[in-house]
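So the chains spell out like this:
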Amino acid sequence: MTHIDAGAELDPGDPGDPGDPAPMPSRATGLTRAEVAERVARGEVNDVPVRSSRSVTEIVRANVFTRFNAIIGVLWVIMLSVAPIQDSLFGFVILANTGIGIIQEWRAKQTLDSLAVIGEARPTVRRDGNAIAVPTSEIVLGDLIEIGPGDKIVVDGTCAEADGLEIDESLLTGEADPVLKQPGDEVMSGSFVVAGGGAFTATKVGREAYAAQLAEEASRFTLVHSELRSGISTILKYVQWMMIPTALGLIISQLVVKDNDLKDSIARTVGGIVPMVPEGLVLLTSVAFAIGVIRLGRQQCLVQELPAIEGLARVDTVCLDKTGTLTEGGMDVHELRLLDDGGGAGSGDEAYVRKVLGALGESDPRPNASLQAIIDAYPDSEDWRCTEALPFSSARKYSGAAFSEGNGTDSAWLLGAPDVLLPASDPALAATEELNLRGLRVLLLARAPQGLEGAGVVESAEPTALVVLEQRLRPDAGDTLRYFAEQDVRAKVISGDNAVSVGAVASTLGLAGQTVDARTLPEDPEELADALDDGTVFGRVTPQQKRDMVGALQAHGHTVAMTGDGVNDVLALKDADIGVSMGSGSEATRAVAQIVLLNNSFATLPSVVAEGRRVIGNITRVATLFLVKTVYSVILALLVVCFQVEYPFLPRHLTLLSTLTIGVPAFFLALAPNKERARPNFVRRVMRYAIPGGAVAGIATFVMYLVARHYYAGSDALAAETSSATLTLFLISMWVLAIVARPYTWWRVGLVATMGLGFLLVLVVPWLQEFFALRLVGSVMPWTAVGVAVVAGAVLEFLWRWVGRRFPA
């Protein structure tokens, strides 16, 4: 069959097969190889890199040049000049931590970059008359680029060919209605095709293109717009304001008020300042995110924005597009049911109807799953010629084509949703309803006696046959839906298909709930939100309605994830808190989604949710450890200033305590499994435990220090007092660690016990005693220290429970 390029999509709920496009009829040959080489030599290439991650330089800069690293670095240089190397260990720890952070983020960058190449769009360009797919970076100025439904416009250009070409520019202009393009019209990068087909000539490439100029403003790989990161930044801001006056007071107290040896005074001053800095908290958060990216990358999940891991963990409502998400792309023709009430001469003949369907299938060079099933079932009639085509649009819910049948007869046909093409009283709708209840998809073939254009096309349509399609359910969809139900995440199926058919599919997968035809939904946002809370399955949803539904759910306080793979999902994906696209989805959906499932497996989503919950839950847990240290350090410094005594610790003591009670255990706890649902108010949830925990640790340690000062006398008294205070602080910090590590598993118990054994080793090995300047003198003060720590632990247990009841998260 001879045909024109219709670019039509005939599936009311499936926006198209995003695979490599078939060549369009060559109305123009495009550039020659020599012309392409000439433009490459002149640098007229679309050389803007796809920035899926930060550069190595940016990674190093972000991990090294931080405010707190600068503070620690200055103090480290001072300590190296005035004290033994033992008191400078904290500087080496910072170097090691920073190195770990750089390595992990670099590994995450490699993972992201390799996955981005897999998921990269490959536009079709016409060169020497042949249509070939090339990477976006190889497009040159003047290239003729073919486009069809779902394709993203990757560079600016001028429309050269158009056949019902409709382009959505909402991502650039905010205007939701598609724009009909004609030859000579401008097309802008960042927009995408929703219907029809055509080609355009590239007029601006590289950084000259409009979308590239927008992209220059930000990188995809960013840790901003994250409650976790912004919460940590808020905490660090408060810490910084506390540090400045406390550190000044400590410096004056140790250097001026107390008449001590200068080097010893400096060492104890630095020992009081260093632990105030929660330097490992930001690092550990970055490492946890980076490892999350690597883990998900192994499952072919491309995380285009790091906060998406966190965001999906906070999701309480996930909106699913049926086609491509709950069902697989392929379909089969289940039945062809002729209708008796019309259709014109010959239309009641099944052989003739098969010819019509075969011609409709061949009229589209880019068939989607539904149309491909029709093509597979019905052969093309070679003597039919397509003279006009009406591309599918999600708003219209049907498409059509006009033919010259080869025997001198002309005809026009529509193929689309029965409940759109038929009046409400038509008896064929009853048969459609019965088929939909069985989960089958039904398309109506209708003759259009008035042609494809005009206001009365639908009203005058003569129904001819029902094409019944059988969808292939994803084998893992049911398990995934059950996972969301168990995790208290509500699933909403939002589809352009018939509501009853979608409801039957959802029911087959075990998703029970009210089924709603979206055409009956109220327009008022508040009423719409109420209807969405009550319903579970929504059919006949337009693209704009999908966007409105996402907004209504968000207005009701829900955190919404949206999955989809077609152009009719783009607006909703963009507005959702988290957009998830299938790797086989259209270029437009992959471009706006934060997460791309490259393996097209809906079953990967639970892994993403679990990874996000692991990161957030564990960072919340370990943040308490870091901030307890900050609080007790500030309190100890203030008490030292008020009581005008020597600071009880040298830097080596607090380095040892931090390593055993915070650094090492925090690393393991941050990477542990955690299925707890992410909750808001990160700062409040962390500080409500960190402040009382740090206060108890600081006060109890200082009380023990004062007791030891009254007990010991002589030249070595300060060393003995420091050892007793160190034992007290270690035991209380271990108690905090034991609380944070709950609920216990064998490895958590082993972790806590190993840290305790590490400190015991320091106390009993002579050279370690000397290295860390720790030696318990006598038995009275060491056992007193244990007693004080036990009392403090009991107070901690009481306060932890009281805070949990008094200030619930």
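Residues numbered from 1 in each chain as written. Predicted model: local features only at pLDDT ≥ 70, side-chain atom pairs only at ≥ 80, totals over all residues. Heavy atoms only, no water.

Of regular secondary structure, the protein chain possesses 27 helices and 21 strands. The proportion of buried residues among the 809 residues of the protein chain is 58%. Looking at the protein chain alone, contacts between residues at least 24 apart form 74% of all its contacts between residues at least 6 apart. As displayed, the protein chain offers around 31200 Å² of accessible surface, 58% of which is attributable to carbon and sulfur atoms. (Helix = DSSP H or I, 4+ residues; strand = E, 2+ residues; numbered from the N terminus. Buried < 20%, exposed > 50% of the residue type's maximum accessible area, 1.4 Å probe, protein only. Contact = heavy atoms within 4.5 Å. Areas by Shrake-Rupley, 256 points an atom, 1.4 Å probe, with all protein chains shown as cover.)

Let us look at the packing of aromatic side chains. Inspection of every chain in the model, using the stated rule, returns 12 aromatic pairs. Each ring, one from Y689 and one from W800, has its centre 5.0 Å from the other, and the planes form 10 degrees; the classification is stacked. Note that Y689 is positioned in helix 23 (residues 682-711) and W800 in helix 27 (residues 780-806), a separation of 111 residues in sequence. Like Y689, the residue W800 is buried in the burial classification. Three or more aromatic residues joined by ring pairs make a cluster, and in this case those are Y352, W384, F403 and W413. (Phe/Tyr/Trp six-rings, centres within 6.5 Å; stacked < 30°, edge-to-face > 60°.)

Counted according to the given criterion, the structure contains 22 salt bridges. Where D517 meets R519, a salt bridge forms, and the shortest distance between an N and an O atom there is 2.8 Å. Shared partners join several salt bridges into a network, and the residues in it are D419, D517, R519 and R540. (Salt bridge = Lys/Arg side-chain N within 4 Å of Asp/Glu carboxyl O.)

Where nonpolar side chains cluster on the molecular surface, the patch consists of W241, I244, L248, I251, I252, L255, V256 and L262 and spans about 810 Å² of accessible area. Sort the elements by how many residues they give to the nonpolar patch and helix 7 (residues 227-257) lands first, with 7 residues. (Patch = residues over 30% accessible without salt bridge, like charges linked within 9 Å, V, L, I, M, F, W, Y side chains within 5 Å.)

Residues at a pLDDT of 70 or more form 89% of the protein chain, whose mean pLDDT is 81. Ranking the helices and strands of the protein chain by mean pLDDT puts helix 25 (residues 746-764) first, with 94, and helix 6 (residues 210-215) last, with 56. Across residues 1-26, confidence stays below pLDDT 50; counting only partners more than four residues off in sequence or on other chains, it has 113 contacts. pLDDT under 50 marks residues 342-346. Its contacts with residues more than four places away, or in other chains, come to 10 contacts. (pLDDT = per-residue confidence, 0-100.)

Moving on, we get to the sheet that holds strand 18 (residues 535-539). One open sheet holds the 8 strands; their spatial order is 8-21-20-19-9-16-18-17, and the pairing between them is mixed. Looking along the sheet, the strands with just one partner apiece sit at the ends: strand 8 (301-303) and strand 17 (514-517). With strand direction ignored, the average angle separating the axes of adjacent strands in the sheet is 20 degrees. Summarising the sheet, strand 8 and strand 21 (residues 595-597) pair through 3 bridges and their orientation is antiparallel. By the bridge assignment for strand 21, V303 is matched with I595. Across the sheet, helix 18 (residues 543-555) is in contact with strand 9 (317-320), strand 16 (490-494), strand 18 and strand 19 (560-564); its angle to strand 19 comes to roughly 160 degrees. (Pairing = 2+ DSSP bridges. Axes fitted to C-alpha atoms, helices over the stretch in contact; angles between N-to-C directions.)

Right, let's talk about the pairing of strand 3 (residues 144-147) for a bit. The two faces of strand 3 match: L144 and E146 on one face and I145 and I147 on the other face are all buried. The pairing of strand 1 (residues 124-127) with strand 3 spans 3 bridges and is classified as antiparallel. The residue bridging V125 from the neighbouring strand is I145, located in strand 3.

The next thing to look at is a negative patch on the surface. A contiguous patch of negative charge, built from D524, E526, E527, D530 and D534, is present on the exposed surface. Take E526: it is sitting in helix 17 (residues 525-534). The class of E526 is partly exposed, set by a relative accessible area of 45%. (Lys, Arg positive; Asp, Glu negative; His and termini not counted. Charge placed at Lys NZ, Arg CZ, Asp CG, Glu CD.)

Right, let's get into the environment of L656. Structurally, the position occupied by L656 is in helix 22 (residues 651-670). Judged by its relative accessible area of 8%, L656 falls in the buried class. Once the C-alpha coordinates of L656 and G758 are considered, the two residues, 102 residues apart in sequence, prove to be 9.6 Å apart. If sequence neighbours within four positions are ignored, L656 has contacts with F759, V762, F772 and L774.

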